[in-house]
Amino acid sequence: MKPPDFDYVAPTSIADAITALGSDSEAKVLAGGQSLIPLLAFRLASPALLVDLARVDGLDHVTDEGDRLVIGAMTRQRGAERDPRLADRCPLLVEALRQVGHPQIRSRGTIGGSVAHADPAGELPGVVLALGGRVHVTGPAGERTIEAEELFQGFLSTAIADDEILTAVELPASGPRTGWSVVEISRRPGDYALCGALCQVEIGDSGSVVGAHLALIGVGDRPMRATAVEAAMLGGASPTEAAALAPEGLSPGSDVHASSDYRLHLATVTSRRALTQALERAV
Amino acid sequence: MSTHRITVEVNGAVYKRTVSPRLMLSDFIRHELHLTGTHVGCEHGVCGACTVQLDGDGVRSCLLFAVQADGSAIRTVEGMADGPELHPLQAAFSAAHALQCGFCTPGLLMTIESMLDELSTMTEPEIREALSGNICRCTGYQGIVEAVKATVDSRRKEGR
Ligand SMILES: Cc1cc2nc3c(=O)[nH]c(=O)nc-3n(C[C@H](O)[C@H](O)[C@H](O)COP(=O)(O)OP(=O)(O)OC[C@H]3O[C@@H](n4cnc5c(N)ncnc54)[C@H](O)[C@@H]3O)c2cc1C
Ligand code: FES
Ligand code: FES
């Protein structure tokens, strides 16, 4: 359980971090280390160089841009979870954060690291997908943004290139009459979810649903957006009717934790509970 | 491979050491500083035995390289008691039989102490969930939860 040998640098600027990352084809970014260090301990990864982002200026911030929130990649999950601005402007994110591992994991784990790691059962990738967020990345060729729909490409893989750094996560701020909910089923608190539903709904002046966002985690090789359920909600279906469509397009694997059929069943159950709670909160 | 000169404060004392990047903070604390109160169970972040406080936050010292802690203030279980005088949380653990073999205890003490303000607003199920990152194979957790409740109650009586 000891990591292999590697070199380590802790640059203080984004430019220096990009240069360090480009200096070695076996270099890797180190953020909170809460996923990467276990991989090193198991020797599932053996980078030659770790580029620690913890001392890079300008990566730890929460910026309110009116209709959007921009969260620096190195913002610690525990700090974000206790940030009153985020509780007010993006309650789905804060509720999701509370289900990420344990407090001691979140003290170190970062917003950017969790999104870049792209665990298919990770809560934060689910939030970014559900809300239609995007990420800001910087590489040798400059800055670009990647929309949530393009970001998650498969098991632990994203559209962020090896020589790029995720610098910030951008999420739409929630408006009036918005309800949210995170419902997940896991064997023990703090475990990755067997299946989880992250949802946000918006109610219009007439009282009908005018916005429906639902992402499911733990049921594929990446977070999955439940478009059939969203369409049904917008069409006036009840949470029970809409949630029945949740398994559509999913083919989760079976493993020691849960069978594929059980996960599909949980997709419906967690969707129904999350939609119901989100609607209750949207008043 | 490179080595790095680091300065850390541990329980108020300043230490300067040269470390290789792969040295875990847990091994640094135990093998270099000889503070063996911090225990190591799983070495991959699931058991909580190695929890210490880094700048006031509970963290897993097996998921942190010593080099990352450069410039930080660390608190370990050795920092709690004042000579023979137990810290109130340690005294509550003793009174509530919150330990048997004691392997998980330093990690639990570090976790709980770092979260006392939050724990004091929590219901019992919430307390249990907050402590779910620390595995205890002996006590069944009942005594631990009672020690937490006793500690937050006495803090409340003292107006904290
Ligand atoms: C016991 C335990 C339980 C956990 N439970 C959960 C859970 O329930 N849900 C959950 O979602 N997570 C869980 N986690 C993982 C935790 O949330 C991690 O914090 C997170 O997955 C990774 O964030 P990090 O900042 O620690 O990144 P790191 O571990 O440092 O990095 C992870 C990966 O992302 C890359 N990376 C990181 N930051 C950037 C960046 N800015 N730009 C480019 N690449 C980057 C790294 O190179 C690495 O490949 C758990 C971890 C543990 C140890
Ligand atoms: S030894 Fe660190 S969490 Fe188990
Ligand atoms: S007292 Fe033995 S593991 Fe907790």
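Please read these numbers as outputs of a predicted model, since none were measured by experiment.

1. Notes on the overall build of chain B
Secondary structure summary: chain B contains six helices and five strands in total. Starting at the N terminus and ending at the C terminus, chain B contains elements arranged as β-β-α-β-β-β-α-α-α-α-α. A globule of 160 residues ought to have a C-alpha radius of gyration of about 15 Å, and chain B, at 16 Å, matches this closely. Dimensions of chain B along its principal axes, counting C-alpha atoms only, are 50 × 30 × 25 Å. Across the 160 residues of chain B, 51% fall into the buried class. As displayed, chain B offers around 7100 Å² of accessible surface, 50% of which is attributable to carbon and sulfur atoms. Taking the average place of the 14 positive charges on the side chains of chain B and the average place of its 19 negative ones, the gap between the two points comes to 3 Å.

2. Section: the sheet that holds strand 12 (residues 195-203) of chain A
Residue and element names in this part refer to chain A. Reading across from one edge, 11-12-13-14 is the order of the four strands in this open sheet, with antiparallel pairing throughout. Unpaired on one side and paired on the other, strand 11 (178-185) and strand 14 (224-225) mark the two borders of the sheet. Of the strands in this sheet, strand 11, strand 12, strand 13 (209-217) and strand 14 touch helix 8 (residues 123-131), which is tilted by about 150 degrees from strand 13. The strands touched by helix 10 (residues 227-234) within the sheet are strand 13 and strand 14, with strand 13 carrying the most contacts at an inclination of about 160 degrees.

3. Digging into the side chain of Glu-170 of chain A
All names here are of chain A. Along the polypeptide, Glu-170 turns up in strand 10 (residues 165-172). Of the polar contacts made by the side chain of Glu-170, one reaches the side chain of Arg-68; its length is 2.6 Å. Within the local environment of Glu-170, its side chain forms a polar contact with the side chain of His-136, the two groups lying 2.6 Å apart.

4. As for the interface of chain A and chain B
How big an interface is tends to be stated in terms of the accessible area lost upon association of its parts. Across the contact, 30 residues belong to chain A and 32 residues belong to chain B. Between chain A and chain B, the buried area comes to about 2700 Å², and carbon and sulfur atoms account for 55% of it. A per-residue breakdown of the area chain A buries against chain B is headed by Tyr-8, Gln-104 and Arg-108 of chain A, which together make up 24% of the total. The tally of links from chain A across to chain B stands at five salt bridges. As a salt-bridge pair, Asp-57 of chain B and Arg-82 of chain A come within 3.5 Å of each other at their nearest N and O atoms. Looking at the side of chain A that touches chain B, the element that brings in the most residues is helix 6 (residues 103-108) of chain A, giving five residues. When grouped by side-chain class, the residues that make up the side of chain A that touches chain B number 16 nonpolar, five polar and nine charged.

5. Considerations on helix 8 of chain A
Extensive coverage of helix 8 of chain A is indicated by the burial of nine of its nine residues. Among all positions of helix 8 of chain A, only Glu-123, Leu-124, Pro-125, Gly-126, Val-127, Val-128, Leu-129, Ala-130 and Leu-131 of chain A are buried.

6. With respect to the pattern of salt bridges
Residues and elements named next belong to chain A. Evaluated as defined, the whole model comprises 24 salt bridges over all chains. A salt bridge links Glu-170 to Arg-134, with the shortest nitrogen-to-oxygen separation between them at 2.9 Å. Note that Glu-170 is positioned in strand 10 and Arg-134 in strand 6 (residues 134-139), a separation of 36 residues in sequence. Residue class for Glu-170 comes out buried when judged on its relative accessible area of 6%.

7. Things to note about the sheet that holds strand 3 (residues 51-54) of chain B
Residues and elements named next belong to chain B. Pairing within the open sheet is mixed, and its five strands lie in the order 2-1-5-3-4. Edge positions in the sheet fall to strand 2 (13-19) and strand 4 (57-60), since each has one partner strand and no second. Averaged over all adjacent pairs, the angle separating strand axes in this sheet is 40 degrees, with direction ignored. Two strands pair when backbone bridges link them, and strand 3 and strand 4 are joined in this way by four bridges, in the antiparallel orientation. Residue pairing for strand 4: Thr-51 is matched across the bridge by Arg-60. Contacts from helix 1 (residues 25-32) reach strand 1 (4-10), strand 2, strand 3 and strand 5 (73-75) within the one sheet, and its direction differs from that of strand 2 by about 110 degrees. Docked against the sheet, helix 3 (residues 105-114) engages strand 3, strand 4 and strand 5, running at close to 35 degrees with respect to strand 3.

Calculation rules
Residues numbered from 1 in each chain as written. Chains lettered and ligands numbered in written order. Predicted model: local features only at pLDDT ≥ 70, side-chain atom pairs only at ≥ 80, totals over all residues. Heavy atoms only, no water. Helix = DSSP H or I, 4+ residues; strand = E, 2+ residues; numbered from the N terminus. Rg over C-alpha atoms; globule rule 2.2 N^0.38 Å. Buried < 20%, exposed > 50% of the residue type's maximum accessible area, 1.4 Å probe, protein only. Areas by Shrake-Rupley, 256 points an atom, 1.4 Å probe, with all protein chains shown as cover. Lys, Arg positive; Asp, Glu negative; His and termini not counted. Charge placed at Lys NZ, Arg CZ, Asp CG, Glu CD. Pairing = 2+ DSSP bridges. Contact = heavy atoms within 4.5 Å. Axes fitted to C-alpha atoms, helices over the stretch in contact; angles between N-to-C directions. Polar contact = N/O pair within 3.5 Å; in protein donor to acceptor, adjacent residues only side chain to side chain. Buried area = accessible area lost by both parts, 1.4 Å probe. Salt bridge = Lys/Arg side-chain N within 4 Å of Asp/Glu carboxyl O. Nonpolar A, V, L, I, M, F, W, Y, C, P; charged D, E, K, R; others polar.

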